[in-house]
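Structural overview
Each chain, written out:
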Amino acid sequence: GAVVSQHPSWVICKSGTSVKIECRSLDFQATTMFWYRQFPKQSLMLMATSNEGSKATYEQGVEKDKFLINHASLTLSTLTVTSAHPEDSSFYICSARGQGPYGYTFGSGTRLTVV
Amino acid sequence: GENVEQHPSTLSVQEGDSAVIKCTYSDSASNYFPWYKQELGKRPQLIIDIRSNVGEKKDQRIAVTLNKTAKHFSLHITETQPEDSAVYFCAAEAGSYQLTFGKGTKLSVIP
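All residue numbers refer to position in the chain's written sequence, counted from 1. Whichever chain is written first is A, and whichever ligand is written first is 1; the rest continue in order. The predicted origin of the model limits local features to residues at a pLDDT of at least 70 and limits the giving and counting of side-chain atom pairs to 80 or more, whereas totals for whole chains, interfaces and linings rest on all residues. Just so you know, side-chain values use all the structure's heavy atoms and leave hydrogens and water out.

On to the confidence of the model for chain A, then. Regions with low pLDDT carry predicted coordinates that are not meant to be interpreted in detail. pLDDT measures the predictor's confidence residue by residue and takes values from 0 up to 100. Summing up the model confidence of chain A, the mean pLDDT is 91 and the portion of residues at 70 or higher is 97%. Secondary structure elements are defined from DSSP: runs of H or I of at least 4 residues count as helices, runs of E of at least 2 residues count as strands, and each element is numbered from the N terminus. Across chain A, the secondary-structure element scoring lowest on mean pLDDT is strand E10 (residues 104–106) of chain A, at 89, and the one scoring highest is strand E11 (residues 110–114) of chain A, at 97.

All names here are of chain B. Any carboxyl oxygen of Asp or Glu that lies within 4 Å of a side-chain nitrogen of Lys or Arg is treated as forming a salt bridge with it. In this structure the tally under the stated criterion is 7 salt bridges over all chains. Two residues, Lys42 and Glu39, come together in a salt bridge whose shortest N-O distance is 4.0 Å. Note that Asp49 and Lys57 form a salt bridge whose closest N and O atoms lie 2.8 Å from each other. Judged by relative accessible area, Asp49 falls into the buried class, the value being 18%. Here the residues in one salt-bridge network are Lys37, Glu39 and Lys42, joined through shared partners. Under the scheme applied here, a residue whose accessible area is under 20% of the maximum for its type counts as buried, over 50% as exposed, and between as partly exposed, the area being computed with a 1.4 Å probe on protein chains only.

Next up on the list: the interface of chain B and chain A. Residue contacts are defined here by distance: any two heavy atoms, one from each residue, within 4.5 Å place the two residues in contact. Counting from both sides, the interface comprises 17 residues of chain B and, opposite them, 20 residues of chain A. Across the chain B to chain A interface the summed buried area is about 1600 Å²; carbon plus sulfur atoms make up 56%. By convention, the term buried area covers the 1.4 Å-probe accessible surface removed from two parts as they join, with the contributions of both added. Per-residue buried area on chain B facing chain A is highest for Arg43, Gln98 and Phe101 of chain B; these three make up 33% of the total on that side. Taken together, chain B and chain A are joined by 1 salt bridge. A salt bridge links Arg97 of chain A to Glu93 of chain B, with the shortest nitrogen-to-oxygen separation between them at 3.1 Å. Polar contacts here mean pairs of N or O atoms no more than 3.5 Å apart (in protein, one a potential hydrogen donor and the other a potential acceptor; neighbouring residues in sequence count only if both atoms are side-chain atoms). Viewed at the interface, chain A and chain B are joined by 6 residue pairs in polar contact (both at pLDDT 80 or more). Elements that contribute at least two residues to the side of chain B that touches chain A include exactly strand E4 (32–38), strand E9 (86–93) and strand E10 (99–101) of chain B. Counting residues per element, the side of chain B that touches chain A draws most heavily on E4 of chain B, which supplies 3 residues.

Okay, structure coming up:
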């Protein structure tokens, strides 16, 4: 079945530094990639949607200059959290939608802790 | 945009009993309704989904029903087992190919 590989699975970084999270679709072409953030005991909140080769569309309230999304190919999308602060600590998870009707494949998630 | 309401937020059942989780959605253009199970710290796992041209779908102990007129859909788990304990999310996909998630239901199955 469709697989999305997400790395790293967890990362601890210092305040002010940047962190890059990668999602790769291993056996299908991800025409659209979604990035979610999930705080403890809460639902998945969509941060942005990106289509290959296009600029990402950010949800209201999500700073596009802070959360940089690149979707340069049909198999790779990256989320960079720039100048991270403790309040950015969260579980970040990607989801890829391939061609054809329906079906989303989630990455395994990245636990980000900013100290 | 789409708005998905999910109830209840927590649900405790005795092992062997049934569990029902309900969701409503606002966008009548939504046409795909998946249900996910998420264990702590892990990715959501698709457990069942239904499309708008179907009223009910069943997979062993899990079933989903959809009422498009009322804009609600439900997850039914029969003969619950302790390993069913997790957080369950419903979602709805509208024409923009975006999934909107409900807030989740924490299901606890008591042995």
